[in-house]
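Per-entry structural report
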Amino acid sequence: MCDEDMVTNPRYTALAALLELAEEKRDSIAEALDEVHRLMSDRGVWTGPTTATQFGEDVEYRKNDLPGLADNLIEEIRDALSSTPEEVRRDELGHTGPL
Amino acid sequence: MSGDYSSISVDGLNDLIAAMMSGNRKLSSGLATLRSRMQDESVSTQVFTGIDTIAEWIDLQIPGLERRRNMVIALLGDEPTSTQIRIDEPIPFDSPEEAEQHGRDMAAPFLESGVFDEEYFDSLMADFEPYMNDPDVMAGFYLALGPELAERLPDMLYQSGTDDGARYVEQFSVGLAAAMNADNVLGHSSDYRDEFKGFREHFMEPTEHPSMAWGRLALLQFGDFDGWWVAHVARNNVLETFEGEEGEFTDFRHSIIPEMLGLPTDTAALAFNVLGNNPQAARFALDSWSDLSLEEYADRVYGMQQSLGTGDDIAEGFGQALVAGSGASEDPPDKGMFASEFAFTTILALGRFDDTPWPMREPMSQIATAYAEELLVGSFTLDARARESSMDAPDNFDLPPGLDPAFYLSPEATYRFLHGFAHEDRYFEGFDAAVEELYESVTSDALAADLQATENDERDPGYFERAMNMFGTLAGLQYQAAHDVRGNMDAQEEQRRAFLQRTLSELLTLSPTPPIPGKKVLVDYGWKLTKITVGRLTKSWANESGGRVDELEMEMYQGRLLYDYMIADTLLQNGYPHTEPIPPNLVNDSGDGLRDPAEIADDPDLWTEFYEWVDSNQEGWDERPHRPPFDEKFEDAMAHLDSGDGNRADGIAGETDWDSSVR
């Protein structure tokens, strides 16, 4: 089989672009509650013994979850990309999905 | 969660809501493309479950945050939006929408025909009262009701015959303000400001029906409404007509009953009352947008006061509106640019009238109390004696340090204004208390500045004497004003004698009070002593001593002695040096000042000794050639006080021509 029969795998290209997009979004997801958390840590915004404190804690643990969720999302795409050949035979075009 | 509360700032919560919305967007719509492309590429989107859960949680929290923000806005009053406001938790209703719906449910019966009797209102208001500061509930109530029904509420209340109508109309008013002040600028829930547009416009529609105007104005009596809007409602419903050619012949009464729900039925009185509760509205309505000058307004109001049955109500309301516009109803008084310009105009306008109707006297006294410093400076006659009143300082006007008046009255304008409320001593009480505070600070600062100047080998600027001129002239002007308006001199002298006796009695019982460190006990009475010296009741022991004196004369001498004693004490307390040691009979235990006045007041021999000691301090200081000897400083201060009180005040009062305008 000569090299001319191998072409770039469009799915690989799409997943690579998807990975790039996900990586661009990574910080936006991971830091989505950072400003809320910062404000709740500021004594001048909302304080109180129970409701406000509970809300602050709810924000904090969700804020702490977000970086992991963002990374998982990227990992999911990276896994799909790594299991996808970069090139395929021309005659396989149209069958580029997971085998 | 008993005992739970939230402490919240509006600014902080607005930032928090904005941050929550932004976070929600980042986790939902901000990821829509990524999610859809992952689905297109058959990549598992299982991980979105966690992200979606957080985004949904954020979305669910926002209404609760908006509820709290709205509740705090209504409680804010005039405080800045950065102020921390406390509310109890848990809050009623979890979202603005739920709270609004409750308000709509409360209003629903009014939309159907029914009997709105006493029982109905009592039951409604039991539910209404807990929410009258809740903007969401109140917005629901008033938006459902609409402006046409809302303006009829006070009348319906009155018709119901309820005994609690006065309280209920106040609650309706507070509730309407709570609803109209909530400004939901961040969307998500409704924007009440937009929704109330029609409501605002309806109330601003001119009406010639006193009953409609009365209902509108009754609803605006108590709440804290936007000044611009209130001014328009008051003007369009009443004051435009009041200012017109037919104004003085128009009957503004809604009903022949003098009072309904504790409010005057005269809509002109009610319009002024509304302005009396809203300083900014008072300035807009009576000054910025008015076709009449304040002097013309007063002229018309005073005319009605004498000719109409409800004229007293009109004058009373007008007075309160002027107090509000002048910033004198605030605590502490608002003496900012707008308020003080209005106060300046008011003082000149009201000073035009020789005869001030009684309902105006208390308001004038309130304005005088707020602007005591300006009236004190208005009494300064050593510079620019022939000045006209102005917002700017006259040329070469050398005031004692520490005085920074908002405007500069002429001595005549000062006298004219004092004349307006000099009818009874009680009107002077607040004003005198304010002058008393000024007395303590101004005399002390003035002496310090004089001492500093001579310390620096500069000539003595004589600020202490200048201060004495002001206080003496002011006391004299008050005396002259009271003299002129009270007419019955015997009664007046009787009152002044009672004041002298009261002050002496207060002072002479000071000694049992343990001295407070740093507290200048005698100086605390400085202004009162100044006033009793101008009553022409006191006599100087220094000049007239000798012979037997009866009890009455003894009081007269005591009054003057205590004043002189206080001046000497003030000089000593402020470190004014003297060359001759204080005689053993007069020196206090610590050896650095005079004995308590109560200890010498009953012994004329000690008085004589006191005056002789003061007189003995004739020597100056070689190293401070510009510093006057103690006795000279003392005598100069007295001379300025006496001439201010005497010739100058007499001259100002005597030269006042009530037929001419105020300069």
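These numbers were taken from a predicted model, which means no experiment stands behind them.

Reading guide: rules and limits
Residues numbered from 1 in each chain as written. Chains lettered and ligands numbered in written order. Predicted model: local features only at pLDDT ≥ 70, side-chain atom pairs only at ≥ 80, totals over all residues. Heavy atoms only, no water. Helix = DSSP H or I, 4+ residues; strand = E, 2+ residues; numbered from the N terminus. Buried < 20%, exposed > 50% of the residue type's maximum accessible area, 1.4 Å probe, protein only. Contact = heavy atoms within 4.5 Å. Areas by Shrake-Rupley, 256 points an atom, 1.4 Å probe, with all protein chains shown as cover. Pairing = 2+ DSSP bridges. Axes fitted to C-alpha atoms, helices over the stretch in contact; angles between N-to-C directions. Phe/Tyr/Trp six-rings, centres within 6.5 Å; stacked < 30°, edge-to-face > 60°. Lys NZ or Arg CZ within 6 Å of the ring centre and 35° of its normal. Buried area = accessible area lost by both parts, 1.4 Å probe. Salt bridge = Lys/Arg side-chain N within 4 Å of Asp/Glu carboxyl O. Polar contact = N/O pair within 3.5 Å; in protein donor to acceptor, adjacent residues only side chain to side chain. Nonpolar A, V, L, I, M, F, W, Y, C, P; charged D, E, K, R; others polar. Patch = residues over 30% accessible without salt bridge, like charges linked within 9 Å, V, L, I, M, F, W, Y side chains within 5 Å. Lys, Arg positive; Asp, Glu negative; His and termini not counted. Charge placed at Lys NZ, Arg CZ, Asp CG, Glu CD. pLDDT = per-residue confidence, 0-100. Expected span 1.5 Å × (residues − 1). Left-handed = near helix turned anticlockwise from the far one by under 90°. Parallel < 35°, antiparallel > 145°, perpendicular 65-115°, else oblique.

**Considering the overall build of chain A**
Scanning chain A from N- to C-terminus turns up 3 helices and 3 strands. Listing the helices and strands of chain A from first to last along the sequence gives β-α-α-β-α-β. Looking at chain A as a whole, 39% of its 99 residues qualify as buried. Across chain A, every contact between residues at least 6 apart in sequence was considered, and the portion connecting residues at least 24 apart equals 86%. Accessible area of chain A: about 5,600 Å², with a carbon and sulfur share of 46%.

**As for the overall build of chain B**
In terms of regular secondary structure, chain B is built from 29 helices and 4 strands. When each of the 663 residues of chain B is scored for burial, the buried share is 56%. Sequence-distant contacts, at least 24 apart, represent 76% of the contacts inside chain B between residues at least 6 apart. Entry remark: accessible area of chain B is about 27,100 Å², with carbon and sulfur atoms responsible for 45%.

**As for the sheet that holds strand 2 (residues 46–47) of chain A**
Here 3 strands make up an open sheet; going across it, the order is 2(A)-1(B)-2(B) and the pairing antiparallel. Two strands lie at the open edges of the sheet, namely strand 2 of chain A together with strand 2 (84–88) of chain B, each paired on one side alone. Here strand 1 (residues 5–9) of chain B pairs with strand 2 of chain B via 5 bridges, running antiparallel. The residue of strand 2 of chain B that forms the bridge with Y5 of chain B is D88 of chain B. Running at roughly 90° to strand 1 of chain B, helix 1 (residues 10–27) of chain B makes contact with strand 2 of chain A together with strand 1 of chain B of the sheet. Helix 3 (residues 48–76) of chain B rests against strand 2 of chain A together with strand 1 and strand 2 of chain B of the sheet, and its axis sits at about 115° to strand 2 of chain B.

**Some words on the packing of aromatic side chains**
All names here are of chain B. Evaluation of the coordinates by the stated rule reveals 41 aromatic pairs over all chains. Between W228 and W289, the aromatic rings sit 6.5 Å apart at their centres with planes inclined by 80°, giving edge-to-face as the arrangement. Taken together, the residues span a long stretch of sequence, with W228 in helix 12 (residues 227–243) and W289 in the loop between helix 14 (279–288) and helix 15 (294–307) at a distance of 61 residues. One cation-aromatic arrangement involves R35 over F48; the distance from NZ or CZ to the ring centre is 4.3 Å.

**Thoughts on the interface of chain B and chain A**
Quoted interface sizes are often the accessible area lost when the parts come together. With 38 residues of chain B at the interface, the matching set in chain A holds 37 residues. Together chain B and chain A conceal approximately 3,200 Å² of surface at their shared face, both sides included; 73% is due to carbon and sulfur atoms. On the chain B side of the contact with chain A, L34, E41 and W57 of chain B bury the most area, a combined 19% of that side's loss. A salt bridge links R11 of chain A to E41 of chain B, with the nearest nitrogen and oxygen atoms 3.7 Å apart. Counting across the chain B and chain A interface gives 9 residue pairs in polar contact (both at pLDDT 80 or more). Across the side of chain B that touches chain A, the residue classes tally to 19 nonpolar, 12 polar and 7 charged. The sheet contact formed by strand 2 of chain A and strand 1 of chain B spans 2 bridges and is antiparallel. Residue pairing for strand 1 of chain B: W46 of chain A is matched across the bridge by I8 of chain B.

**Considering the environment of S83 of chain A**
Residues and elements named next belong to chain A. Counting through the fold element by element, S83 comes out in the loop between helix 3 (51–82) and strand 3 (87–89). Among the residues examined, S83 registers a relative accessible area of 59% and is labelled exposed. Along the sequence, S83 and Y12 sit 71 residues apart, while their C-alpha atoms lie 9.3 Å from each other. Within polar-contact distance, the side chain of S83 engages the backbone oxygen of A80 at 3.1 Å.

**Considerations on the side chain of T414 of chain B**
Looking at the element boundaries, T414 of chain B is found in helix 20 (residues 411–419). Not counting residues up to four positions away in its chain, the partners in contact with T414 of chain B are L375, G378, S379, L409 and L477 of chain B.

**Some remarks on unusual backbone geometry**
Residue and element names in this part refer to chain B. A cis geometry characterises the amide bond from E89 onward to P90, with omega recorded as 0°. Inspection of the secondary structure assignment puts P90 in the loop between strand 2 and helix 4 (96–111). A cis geometry characterises the amide bond from D331 onward to P332, with omega recorded as -5°. Assignment of secondary structure puts P332 in the loop between helix 16 (311–325) and helix 17 (337–350). Located in the positive-phi region is S42, a residue other than glycine, with phi close to 60°.

**What about the side chain of S160 of chain B?**
All names here are of chain B. In this fold, S160 is placed in helix 7 (residues 153–160). Note on S160: relative accessible area 12%, which makes it buried. When residues no more than four places from it in sequence are discounted, the contact partners of S160 are F116, D117, E118 and F121.

**Things to note about the pattern of salt bridges**
All names here are of chain B. This model, assessed by the stated rule, comprises 30 salt bridges over all chains. Here R216 makes a salt bridge to E151, at a shortest N to O gap of 2.8 Å. Placement of R216 in helix 11 (residues 210–219) and of E151 in the loop between helix 6 (135–150) and helix 7 is noted, with a sequence separation of 65 residues between them. When sorted by exposure, R216 lands in the same class as E151, which is buried. Linked by salt bridges that have partners in common, D450, D460, E465 and K633 make up one network.

**Notes on a negative patch on the surface**
All names here are of chain B. A cluster of like negative charges, contributed by D354, D355, D484, D657 and D659, occupies part of the molecular surface. Of note, D354 is situated in the loop between helix 17 and helix 18 (358–370). On the basis of relative accessibility, which here comes to 39%, the residue D354 falls in the partly exposed class.

**Considering the confidence of the model for chain B**
Residue and element names in this part refer to chain B. Taken residue by residue, chain B gives an average pLDDT of 86. The fraction at 70 or more is 89%. Note on residues 184–188: pLDDT is under 50 here. Beyond four places in sequence and across chains, it has 17 contacts. Note on residues 511–520: pLDDT is under 50 here. Beyond four places in sequence and across chains, it has 6 contacts.

**Observations concerning helix 21 (residues 429–455) of chain B**
Helix length check: helix 21 of chain B (27 residues) gives 39 Å between terminal C-alpha atoms against 39 Å at 1.5 Å per residue, within 8%. Of the residues one or two after helix 21 of chain B, D457 of chain B is the one with positive phi, at around 65°.

**Considering the environment of T570 of chain B**
Residues and elements named next belong to chain B. As for its position among the elements, T570 is in helix 26 (residues 551–573). Looking at T570, the relative accessible area reads 2%, which means it is buried. C-alpha of T570 to C-alpha of T443: the two residues are 127 residues apart in sequence and 8.1 Å apart in space.

**Observations concerning the packing of helix 12 of chain B against helix 14 of chain B**
All names here are of chain B. Relative to each other, helix 12 and helix 14 sit at 35°, their axes nearing to 9 Å. In this structure, helix 12 meets helix 14 at a crossing whose hand is right-handed. Contacts from G227, W228, V230, A231, R235, L239 and E243 of helix 12 reach helix 14 at Q280, A281, F284, A285 and L286. Looking at the contact of helix 12 with helix 14, its residues break down into 8 nonpolar, 2 polar and 2 charged.

**Describing the packing of helix 1 of chain B against helix 3 of chain B**
Residue and element names in this part refer to chain B. Relative orientation of the contacting elements helix 1 and helix 3 amounts to 160°, with a least axis distance of 9 Å. In terms of their interaxial angle, helix 1 and helix 3 are classed as roughly antiparallel. As helix 1 packs across helix 3, the resulting crossing turns out to be left-handed. Split into classes, the residues belonging to the contact of helix 1 with helix 3 amount to 17 nonpolar, 4 polar and 5 charged.

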